[in-house]
Amino acid sequence: MNLSLSDLAPPLRWTSPVQIAPILEESQLPEAWWQAIPLDRACAVITTQTVAGHLADLAVTCWGHLLVGDILPLLRFSDPAEAERTPEMLGKDVVQKLFGGVFERLLEPPSETLPAPAARPDKPLPELIDGLFAALDERQRAIARDRLYASQRATLDELAQRFSVTRERIRQIERDLRDHVEAWLGGPEAVALVAHVTWLRGRLGSAVPADDLAAAAPWHRGELRTLGIPAWRFVRTLLTGYEQADGWLIAGGADELREKTRQLFTDGPRPLAEAVGMVTQLGIREDVAERWILAVPQLRVLDQHVVPWPRSINEKAEAVLAVAERPLTPEEIQERIGEDYSLVGIRNQLTADERFRRVDRNKYGLTRWGGDEYLGIREMIAREIERAGGEASVSTIVTSLTSRYDVSESSVRAYSGGPGFERTQRGWIRVAGTSPTGEAEPYQPRKDVSETRRSFRSRDGRWWHRVDVNAEHLRGSGSPLPTGFAAYLGMAPGGQLTASTPSGDVVVSWHNQPTMGSIRNVLADFKAGEGDHVFLTVSDGGELLTRYLPAAAPGMPPLNRALYLIGYTAPVTSEIEGLRLIGARIGLPDTAIREEVLARLRERGDRDIIGFLGG
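Each chain carries its own residue numbering, running from 1 in the written order of its sequence. Only residues with pLDDT of 70 or above have their local features reported here, since the model is predicted, and side-chain atom pairs are shown and tallied only from 80 upward, although totals for entire chains, interfaces and linings are computed over all residues. Water and hydrogen atoms were dropped before computing side-chain values, which therefore reflect all heavy atoms in the structure.

Engineer: Explain the overall build of the chain to me, using residue names and the numbers behind them.
Structural biologist: Each helix is a run of H or I in the DSSP string that is no shorter than four residues. Each strand is a run of E no shorter than two, and both are numbered from the N terminus. Regarding its fold elements, the chain presents 34 helices and 20 strands. A radius of gyration in this sense is built from C-alpha atoms; the matching globule rule multiplies 2.2 Å by the number of residues raised to 0.38. Expected size for 615 residues packed as a compact globule is a radius of gyration near 25 Å; at 36 Å, the chain overshoots this value by more than 25%. For the C-alpha atoms alone, the extent of the chain along its principal axes is close to 115 × 65 × 45 Å. Burial classification: accessible surface area is computed with a 1.4 Å probe over protein chains only, and a residue below 20% of its type maximum counts as buried, one above 50% as exposed, and the rest as partly exposed. When burial is assessed residue by residue, the chain has 48% of its 615 residues classed as buried. The contact criterion used throughout is that any non-hydrogen atoms of two residues lie within 4.5 Å. In the chain, 56% of the contacts between residues at least 6 apart in sequence involve partners at least 24 apart. Only the protein chains shown count as cover for residues, with accessible areas throughout obtained via the Shrake-Rupley method and a probe of 1.4 Å. Carbon together with sulfur atoms contributes 49% to the accessible area of the chain, which is approximately 30200 Å² in total. Side chains of the chain give 72 positive and 84 negative charges; the mean places of these two sets differ by 5 Å. Charge convention: Lys and Arg are scored as positive, Asp and Glu as negative, and His as well as the terminal groups of each chain are ignored. Every charge is mapped onto a representative atom, which is NZ of Lys, CZ of Arg, CG of Asp or CD of Glu.

Quick look at the structure:
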């Protein structure tokens, strides 16, 4: 015998030596013995069962998702049922026994009484295959051509009608044809074709574009004279264990190989060249590895990096920034994502998600990069004053902010002289309403935000106010804002807050009572109508964050209607769970009982929610 272990086990030819060597190395054998010496010599030195044990270890460790018949194709002839299972299903001991049995039969000395069957190595493989079907009658050939090996299989009823027989008769002929082919493959005439299929499995690897099968050998594209079909269609049926999915031939399960590929990139982006090397460890050829990556859902090649690409816009934005390794504008992030996401939605997610940090007037980075957050000019002036110990000169503040952010000197000076700041005795500025030591004297509203109607807390601790859209909002009129919520935003009587949105600023002013200016442009972005709801708050960076909910469906159950009004849209399993969620959104502990939740809702004035809870 002049066959090495690599000749018999195709995965050894496409798996990285770094993975193979620690498992197969033997001190009694030369380096890379699995491809350097014949199998019989290796078995004579370390025993057949040791070789089988090493290959079984490798199968369980590296190729657990492959069929054992793809790891050692000879198993398909000695034990076809077990050949259709995987090492993960069988376990190491069973796999070793199967491999050992194949090797022992292969190394048995030839019988002295029976002559070896005559082989025809000189005969072209297409002629061998044509010989298989030459003796068939016209009906058998038609069933083989139009059903067994067709790209679009004829139905049993169509063939039964064509030949004026029953469906069962067609099924019987089809079964006989399969048995005929299987018996022929086990005979001496098919030795060369079986060897070709074994070579082909090694050539294809664990995943390959389906078109590669036709191109794998020149004769594959030729026509089988007896059936009138391309030869590759017949060869495809011999590649048992391969699944065809989305234009790919995949050994084992397609879903399983895709998931294994995704798992390689759970830690974040990898350079494309490195990613290709990682994917080849799954048995995918290097020349098709990039195409495989592009074909796997939830992966994407971005700027020569392979990145996880889940459905969430937040995670896509995170991947874009991680690859860019620098802050980007929302417009740049939208362009690089390249999908149908609105700029408003991207801005809202960048502002609301703690993974992102606004680092300039119109740029966002990843929080893990560190650095100061851009808070809006007024807030950043206050931060500079705080860092200076309670007061600072305007020129120092101007120099600091204009050198780090995309803000003008005139804007910084204008905000420094506006509401919220006051001059000290030496001409510097401090935050208005603070003592010389910098201690604030905050405004205390009559009602805390947790006691304020239509104000609800999200899981991250941020409070939102619900606006029930009416005709006045749609016309562009301003609307009152509850005192408790305005105070939560950091406002006090006489103050003014400007919140930015992509469609223009929204001004909240506090004269006799807090009043929010027109949000018509915001509503237009959502195509909102009367009866819809918009939840809004203002970020630390001065951006108006919004969440839109259309009017509730008429048939929605009362408990779900109550939850809808607090901005919760997921299903709940019981009223107890629903009340717990409502209590948490209005500032109550998880231990609050039904009566306590209803009492807080009454104090706040949330009569619409109480009505749906039957209180």
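After that view of the structure, there is still more to cover.
Engineer: Account for the sheet that holds strand S19 (residues 533-538), with residues named and values stated.
Structural biologist: Taken in spatial order, the four strands line up as S13-S14-S19-S20 in an open sheet, and their pairing is antiparallel. Both edges of this open sheet fall to strand S13 (455-457) and strand S20 (544-549), since each of them pairs with a single strand only. Taking each pair of neighbouring strands and ignoring which way they run, the sheet shows an average axis angle of 30°. Here S13 runs beside strand S14 (residues 463-468); their pairing, made up of three bridges, is antiparallel. Bridge pairing in S14 links Phe-456 to Trp-464. When DSSP finds two or more bridges between two strands, those strands count as paired. Simply put, an axis is a line fit to the C-alpha atoms, just over the touching stretch for a helix, and the angle between two N-to-C directions goes from 0 to 180 degrees.

Engineer: Provide a residue-level description of the packing of aromatic side chains, including the pertinent values.
Structural biologist: Think of it this way: a Phe, Tyr or Trp ring, Trp meaning its six-membered ring, pairs with another when their centres are within 6.5 Å, and the plane angle makes it stacked under 30 degrees, edge-to-face over 60, tilted otherwise. Applying the stated rule across the entire model yields nine aromatic pairs. These aromatic residues form a ring-pair network of at least three members: Phe-133, Tyr-149 and Phe-234.

Engineer: I'd like to hear about unusual backbone geometry, residue by residue, with values.
Structural biologist: For Ser-164, which is not a glycine, the phi torsion comes out positive at approximately 55°. One non-glycine residue with positive phi stands out, namely Lys-527, at about 55°. Among the structural elements, Lys-527 can be located in the loop between helix H30 (520-526) and S19. Given a relative accessible area of 72%, Lys-527 falls into the exposed group.

Engineer: If you had to explain the packing of helix H26 (residues 394-404) against helix H27 (residues 409-416) to someone new, which residues and values would you point to?
Structural biologist: At a minimum axis separation of 9 Å, H26 and H27 run at an interaxial angle of 135°. Classed by the angle they form, the pair H26 and H27 counts as oblique. Viewed along their axes, H26 and H27 form a crossing whose handedness is right-handed. Mapping the contact onto sequence places Val-394, Ser-395, Ile-397, Val-398, Leu-401 and Thr-402 in H26 and Glu-409, Val-412, Arg-413 and Ser-416 in H27. Our angle categories are set so that under 35 degrees counts as roughly parallel, over 145 as roughly antiparallel, 65 to 115 as roughly perpendicular, and the remainder as oblique. Note on convention: the crossing is left-handed when the near helix lies turned anticlockwise from the far helix by less than a right angle, right-handed when the turn is clockwise.

Engineer: Let's hear about the packing of helix H14 (residues 156-163) against helix H15 (residues 167-185): which residues, and what values?
Structural biologist: A pair of packed helices is captured by two measures, namely the crossing angle of their axes and the spacing between those axes. At their nearest, the axes of H14 and H15 sit 8 Å apart, and the two run at 105° to each other. Taken together, H14 and H15 sit at an angle that is classed as roughly perpendicular. Of the residues in H15, those touching H14 at Leu-156, Asp-157, Leu-159, Ala-160 and Phe-163 are Arg-167, Ile-170, Arg-171 and Glu-174. Charged residues are taken to be Asp, Glu, Lys and Arg, nonpolar residues to be Ala, Val, Leu, Ile, Met, Phe, Trp, Tyr, Cys and Pro, and polar residues to be all remaining types, Gly included. Across the contact of H14 with H15, the residue classes tally to five nonpolar, no polar and four charged.

Engineer: Give me the pairing of strand S10 (residues 363-366): which residues, what numbers.
Structural biologist: A regular strand carries its side chains on alternate faces of the sheet. Sheet topology places strand S9 (residues 356-360) next to S10; four bridges connect them, and they run antiparallel. The residue bridging Arg-358 from the neighbouring strand is Tyr-364, located in S10. Connecting the antiparallel pair S9 and S10 is a turn made up of two residues.

Engineer: Now, about the sheet that holds strand S17 (residues 506-510): what can you tell me, with residues and values included?
Structural biologist: Spatially, four strands are ordered S15-S18-S17-S16 in an open sheet, and the strand pairing comes out antiparallel. The two strands at the open ends of the sheet, each matched to only one other strand, are strand S15 (479-480) and strand S16 (496-499). Sheet topology note: the S16/S17 ladder contains four bridges and is antiparallel. Opposite Leu-497, over in S17, you have Val-508 as the bridge partner.

Engineer: I'd like a rundown of the confidence of the model for the chain, residues and numbers included.
Structural biologist: Summarising the model, the chain shows a mean pLDDT of 88, and 95% of its residues fall at 70 or more. In this model, residues 111-121 is a region of pLDDT below 50 whose contacts with residues beyond four sequence positions or in other chains number three contacts. How sure the predictor is of each residue is captured by pLDDT, a score from 0 to 100.

Engineer: So what about the environment of Pro-73? Which residues, and what values?
Structural biologist: Locating Pro-73 in the fold gives a position in the loop between helix H7 (68-71) and helix H8 (75-78). Contact partners of Pro-73, with chain neighbours within four places excluded, come to Leu-8, Pro-10, Thr-198 and Arg-201.

Engineer: Residue-level account of the nonpolar core, with values.
Structural biologist: One finds Leu-12, Trp-63, Phe-99, Phe-103 and Phe-234 to be the most contacted residues of the largest nonpolar core, which totals 81 residues. Put simply, buried Ala, Val, Leu, Ile, Met, Phe, Trp, Tyr and Cys residues joined by side-chain atoms within 4.5 Å make one nonpolar core. In this structure, Phe-456, Val-572, Leu-588 and Val-597 belong to the second largest nonpolar core, which totals 25 residues.

Engineer: Pulling in residues and values, what's your account of the pattern of salt bridges?
Structural biologist: In a structure, side chains of opposite charge can pair up when their charged atoms sit close to one another. What makes a salt bridge here is a side-chain nitrogen of Lys or Arg within 4 Å of a carboxyl oxygen of Asp or Glu, nothing more. Counting across every chain of the model gives 39 salt bridges. Across the pair Lys-92 and Asp-57 runs a salt bridge, and its minimum N-O distance is 3.8 Å. Placement of the pair is Lys-92 in helix H11 (residues 92-107) and Asp-57 in helix H6 (residues 48-62), with a sequence separation of 35 residues. Under the relative-accessibility criterion, Asp-57 is labelled partly exposed at 27%. Its salt-bridge partner being Glu-409, residue Arg-413 comes within 2.9 Å of it at the nearest N-O pair. With Arg-413 and Glu-409 both in helix H27, this residue pair falls four residues apart, about one helical turn. When salt bridges with common partners are traced through the structure, they connect Asp-70, Arg-76, Glu-84 and Arg-201 into a single cluster.

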